[in-house]
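Results of the structural survey
Residue strings, one per chain:
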Amino acid sequence: MPRPKNAMELFKLLDQSNCRECGAKTCLAFAGAVYQGHKKIRECPKLDQAAIDRFCDESENQGSLEQNRDDYLAILQNEIGKIDLAQAAERVGAVFAGGKLTLKVLGKDFSVDISGKLSADIHINPWVAVPFFDYIRQGKGLPATGNWLSFRELKDGKERYPLFQKRCEVPLKQVADTYTDLFDDLVRIFGGKQVDKQFESDISVVLHPLPRVPIMICYWLPEDGLESSLNLYFDDTANQNLTIGSVFSLGAGLSQMFEKLALRHGFAEVLSFR
Ligand code: SF4
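Worth saying up front: this structure is predicted, and the values here are computed from it rather than measured.

**Description of the sheet that holds strand 4 (residues 118–120)**
The antiparallel open sheet is built from 4 strands, whose spatial order is 1-2-3-4. Strand pairing shows two members of the sheet lacking a second neighbour, strand 1 (95–97) and strand 4, which therefore form its edges. Averaged over all neighbouring strand pairs, the angle between strand axes comes to 25°, with direction disregarded.

Right under this line is the structure:
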């Protein structure tokens with residue numbers, strides 16, 4: 001069976017009515033979610049069996065989907081030209097000036113112009129760039145309430161949680177176990193804020209990968225023969241400011257970024273679990 005070259009190839013098969021029966025807000029969002037492995041192609045009830053058969057096996061292969069993430073990013077960049085960036089900036093807590101929308105990603109400027117071109121003071125990681133576009137295009141821009149939820153407590157998070165744990169929480173715990181300055185560096189380098197310890201953790205740090213999408217990392221040190229543990233928590237507005245697929249991507253992206261940071265500091269062993 002042929003493999004989809006990119007999300008647009010899947011998008012072209014869809015009804016393009018944006019009916020939302022699959023749970024995605026638009027057909028394009030659905031194509032992207034399938035492409036990233038967050039949804040199954042058969043979740044669109046309007047697709048005929050031939051189309052499902054054509055791509056089912058391959059589109060459900062997480063590894064191959066991830067290889068094509070850059071292609072999906074290019075599609076989102078094209079879509080940016082269709083929205084009013086000045087209005088979007090007001091809605092999501094960004095600034096629009098000089099033809100560019102700019103907001104803070106982990107305390108650093110991250111911008112997109114009206115042609116979809118990205119520029120940033122930090123490395124543009126596709127795992128973060130995709131949620132950035134999602135936030136601008138679809139986010140409600142609701143202010144945080146301060147009620148923290150685990151990923152599995154978010155709407156549609158439960159079924160994705162095992163993969164989220166594998167891609168985000170487990171690797172991040174390994175980084176935190178090895179690279180003991182991690183939390184200090186999150187505060188120093190990424191604009192994080194150490195907050196009162198939550199859920200009886202030993203360390204709680206809040207980061208803002210997007211202005212209205214805070215993420216709290218809680219870490220429990222090893223104790224009495226028990227291993228350390230680490231969990232991520234999201235504000236209960238996260239589901240309305242981002243799709244669940246983008247919340248997933250943010251978590252996985254942060255994990256990758258912090259792993260690279262650890263490597264720069266010489267903690268090569270953190271790669272051993274990958
Ligand atoms: S159910 Fe199919 S047609 Fe409807 S929004 Fe989802 S992908 Fe589009």
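**What to know about unusual backbone geometry**
Glycine aside, residues mostly have negative phi angles, and peptide bonds mostly take the trans form. With a phi angle near 75°, R20 is a residue other than glycine that sits in the positive phi range. Of note, R20 is situated in the loop between helix 1 (7–13) and helix 2 (27–35). Positioned with a positive phi, D224 is a non-glycine residue whose angle comes to about 50°. Within the secondary structure layout, D224 lies in the loop between strand 8 (213–220) and strand 9 (229–235).

**Overview of the environment of D184**
Here D184 shows up in helix 9 (residues 182–190). A relative accessible area of 49% means that D184 is categorised as partly exposed. For the pair formed by D184 and V205, sequence separation is 21 residues and the distance between their alpha carbons is 9.3 Å.

**Notes on empty space enclosed by the protein**
Taken as a whole, this structure holds 1 cavity of 30 Å³ or more when the rule is applied. Lining the largest cavity are 17 residues; nearest its centre among them are C19, R20, C22, C27 and C44.

**Here we look at the layout of surface pockets**
Considered as a void within the structure, the largest pocket measures approximately 520 Å³ in volume. Along its surface, the largest pocket is lined by 26 residues, and G23, K25, L242, T243 and I244 are the ones closest to its centre. Broken down by secondary-structure element, the contributors of at least two residues to the lining of the largest pocket are helix 2, helix 5 (69–80), helix 7 (126–138), helix 10 (238–241) and helix 11 (244–264). At 4 residues, the largest contribution of residues to the lining of the largest pocket is made by helix 7.

**Examining the confidence of the model for the protein chain**
Averaged over the protein chain, the pLDDT score is 84; the fraction of residues at 70 or greater is 88%. When the elements of the protein chain are averaged for pLDDT, helix 4 (residues 62–67) gives the smallest value, 50, and strand 1 the largest, 97. Considering only residues more than four positions removed or in separate chains, one finds that residues 58–65, a stretch of pLDDT under 50, has 21 contacts. Note that pLDDT drops below 50 for residues 268–274; the model gives that stretch 18 contacts with residues more than four away or on any other chain.

**Quick look at the site of the ligand**
Not every one of the 13 residues close to the ligand is listed here, only the nearest: C19, R20, C22, C27 and C44. The cavity where the ligand resides is the largest cavity. Each residue belonging to the shell around the ligand can be placed in one class, and the counts come to 7 nonpolar, 2 polar and 4 charged.

**What about the packing of helix 7 against helix 11?**
Running from N to C, helix 7 and helix 11 cross one another at 150°; their axes reach a closest spacing of 8 Å. In terms of axis orientation, helix 7 runs roughly antiparallel to helix 11. Crossing of helix 7 over helix 11 shows left-handed handedness. Residues W127, V128, V130, P131 and D134 of helix 7 pack against S246, F248, S249, L250, A252, G253, Q256 and M257 of helix 11. Partitioned by chemical class, the residues of the contact of helix 7 with helix 11 number 8 nonpolar, 4 polar and 1 charged.

Rules used throughout
Residues numbered from 1 in each chain as written. Predicted model: local features only at pLDDT ≥ 70, side-chain atom pairs only at ≥ 80, totals over all residues. Heavy atoms only, no water. Pairing = 2+ DSSP bridges. Helix = DSSP H or I, 4+ residues; strand = E, 2+ residues; numbered from the N terminus. Axes fitted to C-alpha atoms, helices over the stretch in contact; angles between N-to-C directions. Buried < 20%, exposed > 50% of the residue type's maximum accessible area, 1.4 Å probe, protein only. 1 Å grid on protein atoms, 1.4 Å probe; cavity = no way out; pocket = protein on both sides within 12 Å on 5 of 7 lines; lining within 4 Å. Points joined across faces, edges and corners; volume = space filled by probe spheres on them. pLDDT = per-residue confidence, 0-100. Contact = heavy atoms within 4.5 Å. Near = heavy atom within 4 Å. Sits in = over half its atoms within 2 Å of the grid points. Nonpolar A, V, L, I, M, F, W, Y, C, P; charged D, E, K, R; others polar. Parallel < 35°, antiparallel > 145°, perpendicular 65-115°, else oblique. Left-handed = near helix turned anticlockwise from the far one by under 90°.

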